[in-house]
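Inside the fold
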Amino acid sequence: MNIPNKITISRILMIPIFMILLSVPFNWGTLNIGENELPVSHLIAAILFIVASVTDWIDGYYARKYDLVTNLGKFLDPLADKLLVSAALISLVELDLAAAWIVILIISREFAVTGLRLVAAGEGIVLAAGQMGKLKTWIQIIAASALLLHNFPFSYIGFPFGTIALYLAMIITVVSGVEYFMKNWHVMKGSK
């Protein structure tokens, strides 16, 4: 249990707090941001989500720099990312800030890639995430953050940045999933 793994676990432990802030109707007031209102509890949840997302970069950097990459970390890090982003996207659907069909496409891709990785692991093959997969994760985080902040600061000029970012996240998520399967299809063909 090294420092990068502890950071990853802290990211997982932030998820229930994040979910409570979004789902419990705290009456902490609202902020007017352009055409939108941002409940203070959503602002706090968005900040927590952003902090948790940044820990993804911190634990990876620390693990690589100090040669602390472990099998536990290889398992927990992508799991923490998927749990955090999925929790945010599902909450956004519940709050009517994201379209359900987009979120279903994004989460379906995550399940499919995880399934492929499980098949590969059964064959003794480790499938690393590619650059498109890492880009996909960061665009998902940017989109979720913008939507959690009710499109702040873009709401002041009426620009739907969060929605556009979510559509971009969906496109890159699907493209990266197709690319990942094409690159690693040999695992499915060669499995027993």
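As a reminder, the structure under discussion sits directly above these lines.
Residues numbered from 1 in each chain as written. Predicted model: local features only at pLDDT ≥ 70, side-chain atom pairs only at ≥ 80, totals over all residues. Heavy atoms only, no water.

This part covers the pattern of salt bridges. Applying the stated rule across the entire model yields seven salt bridges. Across the salt bridge formed by D59 and R11, the nearest N and O atoms sit 2.8 Å from each other. Placement of the pair is D59 in helix α2 (residues 40–65) and R11 in helix α1 (residues 3–23), with a sequence separation of 48 residues. R11 carries the same exposure label as D59, and that label is buried. Taking the shortest distance from any N to any O, the salt bridge between K82 and E110 comes out at 3.2 Å. With K82 in helix α3 (residues 71–94) and E110 in helix α4 (residues 100–122), this residue pair connects regions lying 28 residues apart in the sequence. Counted as one network, the salt bridges with shared partners bring together R11, D56, D59, D77 and D81. (Salt bridge = Lys/Arg side-chain N within 4 Å of Asp/Glu carboxyl O. Helix = DSSP H or I, 4+ residues; strand = E, 2+ residues; numbered from the N terminus. Buried < 20%, exposed > 50% of the residue type's maximum accessible area, 1.4 Å probe, protein only.)

Mapped onto the elements, S53 comes out in helix α2. Only 2.8 Å separates the side chain of S53 from the backbone oxygen of F49, close enough to count as a polar contact. Non-local contacts of S53, meaning those with residues more than four positions away in its chain, are made with L84, W138 and I141. (Polar contact = N/O pair within 3.5 Å; in protein donor to acceptor, adjacent residues only side chain to side chain. Contact = heavy atoms within 4.5 Å.)

So, about the environment of T8. Relative to the helices and strands, T8 is located in helix α1. On the basis of relative accessibility, which here comes to 2%, the residue T8 falls in the buried class. Along the chain, T8 and W57 lie 49 residues apart, while their C-alpha atoms are 10.0 Å from each other. Not counting residues up to four positions away in its chain, the partners in contact with T8 are D59, L76, D77 and A80.

As a further point, take empty space enclosed by the protein. All chains considered together, the criterion is met by one cavity of 30 Å³ or more. In this structure, the largest cavity occupies an estimated 40 Å³ of space. The wall of the largest cavity is formed by R11, A52, S53, D56, D81, L84, V85, T137 and I141. Every element with two or more residues in the lining of the largest cavity is listed here: α2, α3 and α5 (131–148). Class assignment of the residues belonging to the lining of the largest cavity gives a composition of four nonpolar, two polar and three charged. (1 Å grid on protein atoms, 1.4 Å probe; cavity = no way out; pocket = protein on both sides within 12 Å on 5 of 7 lines; lining within 4 Å. Points joined across faces, edges and corners; volume = space filled by probe spheres on them. Nonpolar A, V, L, I, M, F, W, Y, C, P; charged D, E, K, R; others polar.)

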